Amino acid sequence: MNNNQESSRRGFIKKIAATTAAVAVGNNVLAAAQESETAQFIIHKRQYIGANDNINIALIGAGGMGTGDTITALKVPGVKLVAVCDLYDGRLKAAKERWGQDIFTTRSYKEILNRSDIDAVIVATPDHWHQQISIDAMRAGKHVYCEKPMVHDITEGPAVIKAQKETGKVFQVGSQGVSSLGNEKAKELLKDGAIGQLNFAEGFWARHSPGGAWQYPIPADASAATVDWDTFVSNTTKRSFDAMRFFRWRNYRDYGTGMSGDLFVHLFSSLHFITDSFGPNKIYSSGGLRYWKDGREVPDVLLGIFDYPDQAQAHPAFNLSLRCNFADGTSGNTILKLVGSEGAMDIGWDSVTLRRNKNFSSDDPFFIEKMKNAGTPLSDRKRILPQEEYSFAAEKGYMGGPYDHFVNFFNAIKNNGKVAEDAIFGYRAAAPALLCNDSYNNDTAILWNPEKMQLVKK
């Protein structure tokens with residue numbers, strides 16, 4: 001490594017060490033990092049000021065996600081749950097057992113919206129109810145935390161954006177990674193040039209369990225008497241009561257948005273936050289039902305390919321590849337990777353691993369000519385040296401992206417501030433996920449204008 005390369009490397013280490021605590025053996029942390037091919041750094045968790053005013057919330061949709069959201073929300077100081085709505089009586093009973101008999105429960109979300117003691121609602125219903133309940137809630141003067149994807153169909157987004165603008169209510173979409181320390185550190189590293197010029201990104205989500213593949217348990221007492229089935233299907237295809245469709249709704253196109261709407265949307269949200277991107281302009285997907293042949297209408301293996309155009313000062317043109325597998329024999333993992341001309345990042349919600357090449361020399365004629373044009377001709381053949389690796393992890397006690405996402409939401413309510421994932425951001429993340437499904441169902445590539453948020457006719 002020549003002196004210029006070594007100087008550049010030391011400068012990079014000093015830059016990241018200036019804003020991140022390093023972990024190494026010995027007294028001189030920075031010196032240890034400079035002499036090693038690996039270095040570890042701590043991402044400091046945020047310090048939040050205690051709540052001055054209480055916020056009363058209600059949960060609409062008390063299934064697994066809604067219950068988990070509410071448990072997280074109630075960890076934020078000053079937040080109180082006063083009401084729960086669900087179409088299944090068993091969940092209403094469970095809500096009282098979990099949060100107290102004084103909790104108001106109902107099958108009708110409109111009874112929730114009519115209450116003057118509720119400041120904000122968590123909308124964690126099946127996807128086909130997200131748009132209507134979110135709009136009705138904002139029109140009723142409630143702030144809204146809506147689970148992802150923001151909408152069930154590509155046509156539904158503009159109405160939610162319009163309602164947020166006209167009511168001025170705080171609206172946050174629940175892709176929790178957007179508020180995580182891992183995403184924030186990746187955004188900072190990308191901006192600082194840690195991986196050079198971005199040219200490719202990939203993400204994957206792998207599962208291998210019945211629950212992970214949406215084979216949710218069906219209660220023994222599930223029936224037309226304990227479930228308000230008529231309301232559930234009132235805005236879609238009318239059918240006779242079907243417990244499978246109600247409790248395993250993600251498997252059916254009338255109610256869910258498949259792998260892409262459930263999981264790809266998280267990856268889109270994180271990618272768009274880190275890169276400041278509006279989204280892709282070309283979408284193509286492929287996949288199939290390979291393993292979970294239980295009557296579902298959506299694939300259990302899905303691949304997506306996306307073209308991101310050059311976006312002024314935000315990012316250069318790059319390509320994105322996403323995949324999801326519900327029969328992954330390795331038991332799988334979840335990751336988002338950004339690849340650039342000088343390195344790559346593996347990004348989680350509470351960690352980032354950065355890898356950089358020490359030397360980019362080559363005997364490739366095109367590369368040699370490029371180096372000559374840059375004023376640095378090569379006199380002999382060089383080989384790529386072992387990569388440098390820098391690991392960033394949230395410090396002990398970090399409560400995670402979901403908690404931070406709710407803190408972001410509640411602080412915006414108290415301070416009339418902004419959230420990390422408003423209706424416009426949420427729609428730009430949901431749109432390519434929904435179009436991924438359309439591409440799969442219609443076996444065609446789809447063109448999209450991410451800035452104007454409009455389909456492009458071929």
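Our subject is the structure listed above.
Residues numbered from 1 in each chain as written. Predicted model: local features only at pLDDT ≥ 70, side-chain atom pairs only at ≥ 80, totals over all residues. Heavy atoms only, no water.

### Observations concerning the overall build of the protein chain
Alright, step 1. Secondary structure summary: the protein chain contains 14 helices and 18 strands in total.
Alright, step 2. Long-range pairs, those at least 24 residues apart, make up 71% of the contacts in the protein chain with a sequence separation of at least 6.
Alright, step 3. Summing over all exposed atoms, the protein chain offers an accessible surface of approximately 20,800 Å²; the carbon and sulfur share of this is 48%. (Helix = DSSP H or I, 4+ residues; strand = E, 2+ residues; numbered from the N terminus. Contact = heavy atoms within 4.5 Å. Areas by Shrake-Rupley, 256 points an atom, 1.4 Å probe, with all protein chains shown as cover.)

### Some remarks on the pattern of salt bridges
Alright, step 1. Scanning the entire structure with this criterion turns up 17 salt bridges.
Alright, step 2. Between glutamate 188 and lysine 185 there is a salt bridge whose closest N-O contact spans 3.1 Å. Of this pair, glutamate 188 and lysine 185 both sit in helix α8 (residues 181-191), three residues apart, which is roughly one turn of the helix.
Alright, step 3. Of the residues examined, glutamate 188 reaches a relative accessible area of 30% and is grouped as partly exposed.
Alright, step 4. Judged by relative accessible area, lysine 185 falls into the buried class, the value being 4%.
Alright, step 5. Here glutamate 297 ties to arginine 245 by a salt bridge, and the two come within 2.9 Å at their closest N and O atoms. In this pair, glutamate 297 is assigned in the loop between β10 (282-288) and β11 (301-308) and arginine 245 in helix α10 (residues 243-247), connecting sequence segments 52 residues apart. (Salt bridge = Lys/Arg side-chain N within 4 Å of Asp/Glu carboxyl O. Buried < 20%, exposed > 50% of the residue type's maximum accessible area, 1.4 Å probe, protein only.)

### Focus on the packing of aromatic side chains
Alright, step 1. By the definition in use, this model includes 19 aromatic pairs.
Alright, step 2. On the numbers, 6.4 Å between centres and 35° between planes, the contact of phenylalanine 41 with tyrosine 390 is tilted. Of this pair, phenylalanine 41 sits in strand β2 (residues 38-43) while tyrosine 390 sits in strand β16 (residues 388-394), and the two are 349 residues apart along the sequence.
Alright, step 3. Judged by its relative accessible area of 2%, phenylalanine 41 is buried. (Phe/Tyr/Trp six-rings, centres within 6.5 Å; stacked < 30°, edge-to-face > 60°.)

### Overview of α8
Alright, step 1. Buried within α8 we find Leu181, Gly182, Asn183, Lys185, Ala186, Leu189 and Leu190.
Alright, step 2. Following α8 by one or two positions, glycine 193 adopts a phi angle in the positive range, close to 80°.

### Things to note about the layout of surface pockets
Empty space left among the atoms is revealed by rolling a probe the size of a water molecule over them.
Alright, step 1. Looking at the largest pocket, its volume works out to about 820 Å³.
Alright, step 2. What lines the largest pocket is a set of 45 residues, and nearest its centre among them are Gly63, Ala124, Thr125, Pro126 and Trp249.
Alright, step 3. Those elements that place two or more of their residues in the lining of the largest pocket are α3 (64-73), α5 (109-113), α6 (130-139), α9 (229-232), α10 and α11 (258-275).
Alright, step 4. The dominant element in the lining of the largest pocket, judged by the number of residues it contributes, is α3, at five residues.
Alright, step 5. The residue inventory of the lining of the largest pocket, partitioned by class, reads 22 nonpolar, 11 polar and 12 charged. (1 Å grid on protein atoms, 1.4 Å probe; cavity = no way out; pocket = protein on both sides within 12 Å on 5 of 7 lines; lining within 4 Å. Points joined across faces, edges and corners; volume = space filled by probe spheres on them. Nonpolar A, V, L, I, M, F, W, Y, C, P; charged D, E, K, R; others polar.)

### Description of the sheet that holds strand β6 (residues 120-123)
Alright, step 1. Within the open sheet, the six strands sit side by side as β5-β4-β3-β6-β7-β8. Their pairing is parallel. Of all the strands in the sheet, the pair left with one neighbour each is β5 (104-106) and β8 (171-174). Shown here is a sheet whose adjacent strand axes are inclined to one another by a mean of 20°, direction ignored.
Alright, step 2. Direction of pairing for β6 relative to strand β7 (residues 143-147): parallel, over a ladder of four bridges. Bridge pairing links valine 123 to cysteine 146 in β7.
Alright, step 3. Across the sheet, helix α4 (residues 89-99) is in contact with β3 (55-60), β4 (79-85) and β5; its angle to β4 comes to roughly 160°. (Pairing = 2+ DSSP bridges. Axes fitted to C-alpha atoms, helices over the stretch in contact; angles between N-to-C directions.)

### Comments concerning the packing of α11 against helix α14 (residues 423-442)
Alright, step 1. Packing of α11 against α14 brings their axes to within 8 Å, and their N-to-C directions diverge by 135°. Classed by the angle they form, the pair α11 and α14 counts as oblique. In this structure, the crossing between α11 and α14 has a hand that is right-handed. From α11, Gly258, Ser260, Gly261, Phe264, Val265, Phe268, Ser269, His272 and Phe273 reach across to α14, where they touch Phe425, Arg428, Ala429, Ala430, Pro432, Ala433, Cys436 and Asn437.
Alright, step 2. Classifying every residue of the contact of α11 with α14 by side-chain character gives 10 nonpolar, six polar and one charged. (Parallel < 35°, antiparallel > 145°, perpendicular 65-115°, else oblique. Left-handed = near helix turned anticlockwise from the far one by under 90°.)

Bear in mind that shape data such as this cannot, by itself, settle questions of function.
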